[in-house]
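Structure at a glance
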Amino acid sequence: ADKLPNIRILATGGTIAGSGATSTTTVGYTAATVGVQKLIDAVPEMKTVANVSGEQVFQIASENMSNEHWLKLAKRVNELLGQDDVDGVVITHGTDTLEETSYFLNLTVKSKKPVVLVGSMRPSTAISADGPINLYNAVILAGSPDARGRGVLVSLNDQISAAREVSKTNTSTMDTFRSPDLGMLGYMQGNKAYFYRSPSRRHTADAEFDVSKLDRLPQVDIVYGYANVNRVAVDAHLKAGVAGLVHAGVGNGSLANTVKPALVDARKQGVMVVRASRTGSGIVTRNGEANDDELDFVAADNLSPQKARILLMLALTKTRDSREVQRMFREY
Ligand SMILES: NC(=O)CC[C@H](N)C(=O)O
């Protein structure tokens, strides 16, 4: 028989490690209560597909995920993937910010070995809990030679998605993880990964970011666009000393007359300004709804505001030149 892959499971909390009062408790349960060994013990079937070992890195609900958690996680993943006896890593994670952690790792993991983020929508104590099957599939995926070099992957609901594209799109359903417009990468079916495409933007071993010596990241915040918007939020962030601002604008990253002067002021004070869109899909065109050349702003391409925030933080660890930042938004 073929040698089984060695897969390390890094547990961070979330609903997959959650427990409720009864088997029908699917809201109002407590996230992040069950430890990693218990998660592993609940899926003995994993032993037939991999040599699995676990490690509890955090035990949190993912709305509390922070830059510091990400730095710690990225360093640990890089350490593990540098070992010959680790073939892949699975990270159990709350679903609320799973798309953000996966994109952060997509830009900071220095290996072609598979990294798979997994979560669940129902707590471990629920009828038809989705955690065990999702974890089982994630372990198979992380051990698949076919998953190598495709960047950080997200797998729930028998689907495989790319870290850069995927987003939580529904508050409660099992099929909440979707990649609007561009679609998923493949399926998990019958104990096997089926891939149909690969991400074409730079990632993991081909990315230029290095967090190995960092213990903090530049402060980057998001301001939201809407009808009747005012400049209060931009001014508050400016006063708080941000290094960068992502504007989650309406439409193609449009700027209201009430907000544009505030962003211009921010840029004059050295804050990097990125125009993104709140629409959920599509490209924010450079020099489209605003003259980025003249304003010295950056267009987010098709990154969601929350993912643009991550790329901007990492970009600001390397440069303060807006053209360089724009290059990165074209390449990642
Ligand atoms: N389904 C979930 O994992 C959501 C639980 C929690 N809010 C979290 O993101 O950790």
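About the cut-offs
Residues numbered from 1 in each chain as written. Predicted model: local features only at pLDDT ≥ 70, side-chain atom pairs only at ≥ 80, totals over all residues. Heavy atoms only, no water. UniProt positions renumbered as here; feature names shortened; annotations may be inferred. Helix = DSSP H or I, 4+ residues; strand = E, 2+ residues; numbered from the N terminus. Rg over C-alpha atoms; globule rule 2.2 N^0.38 Å. Buried < 20%, exposed > 50% of the residue type's maximum accessible area, 1.4 Å probe, protein only. Contact = heavy atoms within 4.5 Å. Lys, Arg positive; Asp, Glu negative; His and termini not counted. Charge placed at Lys NZ, Arg CZ, Asp CG, Glu CD. Axes fitted to C-alpha atoms, helices over the stretch in contact; angles between N-to-C directions. Parallel < 35°, antiparallel > 145°, perpendicular 65-115°, else oblique. Left-handed = near helix turned anticlockwise from the far one by under 90°. Nonpolar A, V, L, I, M, F, W, Y, C, P; charged D, E, K, R; others polar. Polar contact = N/O pair within 3.5 Å; in protein donor to acceptor, adjacent residues only side chain to side chain. Near = heavy atom within 4 Å. Areas by Shrake-Rupley, 256 points an atom, 1.4 Å probe, with all protein chains shown as cover.

The chain is annotated in an unreviewed UniProt entry as Type II asparaginase of Chitinimonas lacunae. Listed in UniProt under the heading Sequence similarities (unreviewed entry), the comment for the chain reads: "Belongs to the asparaginase 1 family."

This next bit is on the overall build of the chain. Within the chain one finds 9 helices and 14 strands. Taken over C-alpha atoms, the radius of gyration comes to 20 Å for the chain, in line with the 20 Å a tight globule of 332 residues would show. By residue count, 53% of the 332 residues in the chain fall in the buried class. Contacts in the chain between residues far apart in sequence, at least 24 positions, make up 73% of those at least 6 positions apart. If the 37 positive side-chain charges of the chain are averaged to one point and the 35 negative ones to another, these points end up 2 Å apart.

All right, on to the packing of helix 8 (residues 305-316) against helix 9 (residues 322-331) then. Contact geometry for helix 8 and helix 9: axes closest at 10 Å, N-to-C directions at 135°. By the angle between their directions, the pair helix 8 and helix 9 is classed as oblique. Every pair of crossing elements has a handedness; the one defined by helix 8 and helix 9 is right-handed. Contacts from Ala308, Leu311, Leu312 and Ala315 in helix 8 reach Val325, Met328 and Phe329 in helix 9. For the contact of helix 8 with helix 9, the per-class residue count stands at 7 nonpolar, no polar and no charged.

For arginine 327, the location among the structural elements is in helix 9. Within polar-contact distance, the side chain of arginine 327 engages the side chain of glutamate 324 at 2.8 Å. Not counting the four nearest positions on each side in its chain, arginine 327 is found in contact with Arg202 and Glu208.

Residues in contact with the ligand, as listed here, are Gly14, Thr15, Tyr29, Ala61, Ser62, Glu63, Gly94, Thr95, Asp96, Ser120 and Met121. Here an oxygen atom of the ligand and a side-chain polar atom of threonine 15 are 2.9 Å apart. Here a nitrogen atom of the ligand sits 2.6 Å away from a polar atom, N or O, in the side chain of aspartate 96. Starting from 290 Å² of accessible surface for the ligand in isolation, the protein chains cover 91%. In terms of residue class, the shell around the ligand is made up of 3 nonpolar, 6 polar and 2 charged.

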